[in-house]
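Reading the structure
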Protein chains: 2
Amino acid sequence: MSGYVSDAVIRRLPAYYRHLRELENDGVTQISSQELGERMGLTPSQIRQDINTFGGFGRQGYGYQVHDLKEHIHKIMGLDRDHRMVIIGAGRIGQAIANYAGFAVQGFHTVALFDIDPVKIGQSTEALPIYPAEELLLRLADLQPDICVLALPKEAAQQTLDLLYQAGIRGIWNFAPVDLHFPRDMVVVNVHLSDSLQILSYQMNHQKE
Amino acid sequence: MSGYVSDAVIRRLPAYYRHLRELENDGVTQISSQELGERMGLTPSQIRQDINTFGGFGRQGYGYQVHDLKEHIHKIMGLDRDHRMVIIGAGRIGQAIANYAGFAVQGFHTVALFDIDPVKIGQSTEALPIYPAEELLLRLADLQPDICVLALPKEAAQQTLDLLYQAGIRGIWNFAPVDLHFPRDMVVVNVHLSDSLQILSYQMNHQKE
DNA sequence: TAGATTGTTAATCGATTAACAATC
DNA sequence: TAGATTGTTAATCGATTAACAATC
């Protein structure tokens, strides 16, 4: 069904999902590539190409069923299963992620945090346990996460990733400001906040030319 | 000096900066496109093309001066000035950003937060004031931020952006999970955390095929 | 000078846009 | 049937890679 999907398309999938969900909430049941394109800031052509990466979902002369298309993308992204997340680093960012209700609603459940700071340990954030980092390996077997979130200082990121790989973890959501090295059968997605802020700065700087 | 710079290059600038800074810290003073490429996962060709977007920084037979190149990119990104940030929404994400020391070090200083929740108001996070959202417009003149951070529910994001535009703000760092509409002379950079997590999910799902 | 490596032009590759026949 | 809009092929555009003469 779905062969090779380019990175460009993959990066747009969440936006498709977001817009289709909104449309559905607004009671829209059907939409053309023209309308969806206007809404998302893409050409109708690109919308059709993107959607056809996964197979025929439209009907000529009519458009796309909002609900069906949304559900399909939902499934493609693997959002029909639950994910268990462990957050390593219980600083402000780690805790913000742990407690953001939006993730849980989408099936991403934080099951525990880890930290090296003895002050933070035990001090559960809204019923979530914070364990000492040294118990990480030991507890992973029980916790059974499929995703680990790196919300720790950059110096500790690579060694932690290596350890997690040994422990069988294959999905990493990295907030540390480093480019990590990892085996081909591991997936790492970065959230480089400083990079994002620097891009904003660049664009503000080169605005008025 | 620098004419049109493609988005692809702009998105790589922070990574260049990051790697050059690391190299400098490690005492490396000179580097070839070959070596830098290996380190960053880019081809030497691409490194040279990217750097030459801004003008000749290398020396044939030798390579690039790490310090000079780093400084130049620093300047290009506008990191040689200070930025004043106001954060709208003093929830966990807003507060995490407000207190992340890494931004201040780079010249991005949070000067205040705003929130609609009376419980949060006044309750300063490490010496930062939290003002009621209704005073936003009133206080912006004094606060003089150039960047506003949207860390509020998606329902309030668009109307807040519109108001900020009216108040003369031209830089928005948006954490709300929506695609905002904005005038051409405004710069908006998104951090769509859910999108990022969904991409991770997609890639884990399509890993073993 | 000889060797190395840039700056830059040309070739390739991939992604986006345009066009249009197929069909609901 | 006529009109609309898809699915898909072809054209275009832009970004990446390769090649090599210039030069440190």
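Now for a quick tour of the structure.

Cut-offs used in this document
- Residues numbered from 1 in each chain as written.
- Chains lettered and ligands numbered in written order.
- Predicted model: local features only at pLDDT ≥ 70, side-chain atom pairs only at ≥ 80, totals over all residues.
- Heavy atoms only, no water.
- Least-squares fit on C-alpha atoms with pLDDT ≥ 70 in both.
- Contact = heavy atoms within 4.5 Å.
- Phe/Tyr/Trp six-rings, centres within 6.5 Å; stacked < 30°, edge-to-face > 60°.
- Lys NZ or Arg CZ within 6 Å of the ring centre and 35° of its normal.
- Core = buried A, V, L, I, M, F, W, Y, C linked by side-chain atoms within 4.5 Å.
- Buried < 20%, exposed > 50% of the residue type's maximum accessible area, 1.4 Å probe, protein only.
- Near = heavy atom within 4 Å.
- Polar contact = N/O pair within 3.5 Å; in protein donor to acceptor, adjacent residues only side chain to side chain.
- Helix = DSSP H or I, 4+ residues; strand = E, 2+ residues; numbered from the N terminus.
- Pairing = 2+ DSSP bridges.
- Axes fitted to C-alpha atoms, helices over the stretch in contact; angles between N-to-C directions.
- Expected span 1.5 Å × (residues − 1).
- Bend = angle between axes of the 7 residues up to and from the residue.

**Topic: the relation of the copies chain B and chain A**
Note on the identical chains: chain B maps onto chain A by a rotation of 180 degrees and an axial translation of 0.0 Å, with an RMSD of 0.0 Å. Here the two chains are linked by the operation of a two-fold rotation axis. Residue by residue, 100% of the interface of chain B is reproduced at the interface of chain A, so both copies engage with the same surface.

**What to know about the packing of aromatic side chains**
Each aromatic ring pair is characterised by the separation of its centres together with the angle its planes make. Under the criterion given, the structure shown has 8 aromatic pairs over all chains. With a centroid separation of 4.9 Å and 75 degrees between ring planes, the pair formed by tryptophan 173 of chain A and phenylalanine 175 of chain A is classed as edge-to-face. Relative to phenylalanine 103 of chain B, the ring of tyrosine 100 of chain B has its centre 4.7 Å away and its plane inclined at 75 degrees; by these criteria the two rings are edge-to-face. By way of ring pairs, the aromatic residues Tyr100, Phe103, Trp173 and Phe175 of chain A are connected into one cluster. Looking at arginine 59 of chain B, its charged tip hangs above the ring of tyrosine 62 of chain B, at a distance of 4.2 Å from the centre. Over the ring of tyrosine 131 of chain B we find arginine 139 of chain B, and its NZ or CZ is 3.8 Å from the ring centre.

**Overview of the nonpolar core**
Membership of the largest hydrophobic core comes to 94 residues, with the highest contact counts inside it found for Ile147 and Trp173 of chain A together with Ile147 and Trp173 of chain B. Not counting chain neighbours up to four residues away, the residues in contact with tryptophan 173 of chain A comprise Ile97, Phe103, Ile147, Cys148, Val149, Leu150, Val189 and Val191 of chain A together with Leu193, Ser196, Leu197 and Leu200 of chain B.

**Some details on the protein's contact with DNA strand C**
Around DNA strand C lies a shell of 25 residues, among which Ser45 and Gln49 of chain A together with Ser33, Asn52 and Gly58 of chain B are the nearest. When the atoms of DNA strand C within 4 Å of the protein are sorted by group, sugar and phosphate make up 56%. The separation between a sugar or linking oxygen of DNA strand C and a polar main-chain atom of glycine 61 of chain B is 2.9 Å. Tyrosine 64 of chain B is positioned such that a nitrogen or oxygen atom in its side chain is 2.9 Å from a phosphate oxygen of DNA strand C. Among the elements that make up the surface near DNA strand C, the one with the highest residue count is helix H3 (residues 44-52) of chain A (4 residues).

**Some details on the sheet that holds strand E1 (residues 30-31) of chain B**
With respect to topology, 3 strands assemble into an open sheet ordered E1-E3-E2 (chain B), the strand pairing being antiparallel. Edge positions in the open sheet fall to E1 and strand E2 (58-59) of chain B, since each of these has one partner strand only.

**Some words on the sheet that holds strand E7 (residues 147-150) of chain A**
Working definition: the strands of a sheet are paired by backbone hydrogen bonds and lie parallel or antiparallel to each other. Residue and element names in this part refer to chain A. Spatially, the 6 strands line up as an open sheet ordered E6-E5-E4-E7-E8-E9, and their pairing is parallel. The open sheet is flanked by strand E6 (130-132) and strand E9 (187-190), the only strands paired with a single partner. Between one strand and the next, the sheet's axes are offset by a mean angle of 25 degrees, whatever the strand orientation. Two strands pair when backbone bridges link them, and strand E8 (residues 171-174) and E9 are joined in this way by 4 bridges, in the parallel orientation. Bridged to isoleucine 172 within E9 is valine 188. Relative to strand E5 (residues 108-115), helix H5 (residues 92-99) is tilted by about 155 degrees, and along the sheet it contacts strand E4 (83-88), E5, E6, E7 and E8. Seen against the sheet, helix H7 (residues 136-143) touches E4, E5 and E6 and runs at an angle of roughly 160 degrees to E5.

**Let's talk about helix H1 (residues 7-25) of chain B**
Relative to the 27 Å expected for 19 residues at 1.5 Å per residue, H1 of chain B spans 28 Å between its end C-alpha atoms, a close match to the ideal helical length. At leucine 13 of chain B, H1 of chain B is deflected by roughly 30 degrees, the largest bend along its length, and proline proline 14 of chain B occurs up to four residues later in sequence. What H1 of chain B keeps buried is the set Val9, Ile10, Arg12, Leu13, Pro14, Ala15, Tyr16, Tyr17, Arg18, His19, Leu20 and Leu23 of chain B. For H1 of chain B, the secondary structure elements touched by its buried residues are helix H9 (193-205) of chain A together with E1, helix H2 (33-40), helix H3 (44-52) and helix H4 (66-76) of chain B. Trailing H1 of chain B by a residue or two, glycine 27 of chain B shows a phi angle of about 85 degrees, which is positive.

**Focus on the protein's contact with DNA strand D**
The environment of DNA strand D is made up of 25 residues, and the closest members are Ser33, Arg48 and Asn52 of chain A together with Ser45 and Gln49 of chain B. A distance of 2.6 Å separates a phosphate oxygen of DNA strand D from a polar atom in the side chain of serine 33 of chain A. Arginine 59 of chain B has a polar side-chain atom sitting 2.9 Å from a sugar or linking oxygen of DNA strand D.

**Observations concerning the side chain of histidine 192 of chain A**
In this structure, histidine 192 of chain A sits in the loop between E9 and H9. At 3.4 Å, the side chain of histidine 192 of chain A and the side chain of aspartate 179 of chain A are in polar contact. Filtering out sequence-adjacent residues up to four positions away, histidine 192 of chain A remains in contact with Asn174, Ala176, Pro177, Val178 and Asp179 of chain A together with Arg18 of chain B.

**Let's talk about the pairing of strand E4 (residues 83-88) of chain B**
Residue and element names in this part refer to chain B. Burial within E4 is extensive, with 5 of its 6 residues counted as buried. Pairing analysis gives 4 bridges linking E4 to strand E7 (residues 147-150), with the strands arranged parallel. Paired with isoleucine 88 across the two strands is leucine 150, which belongs to E7.

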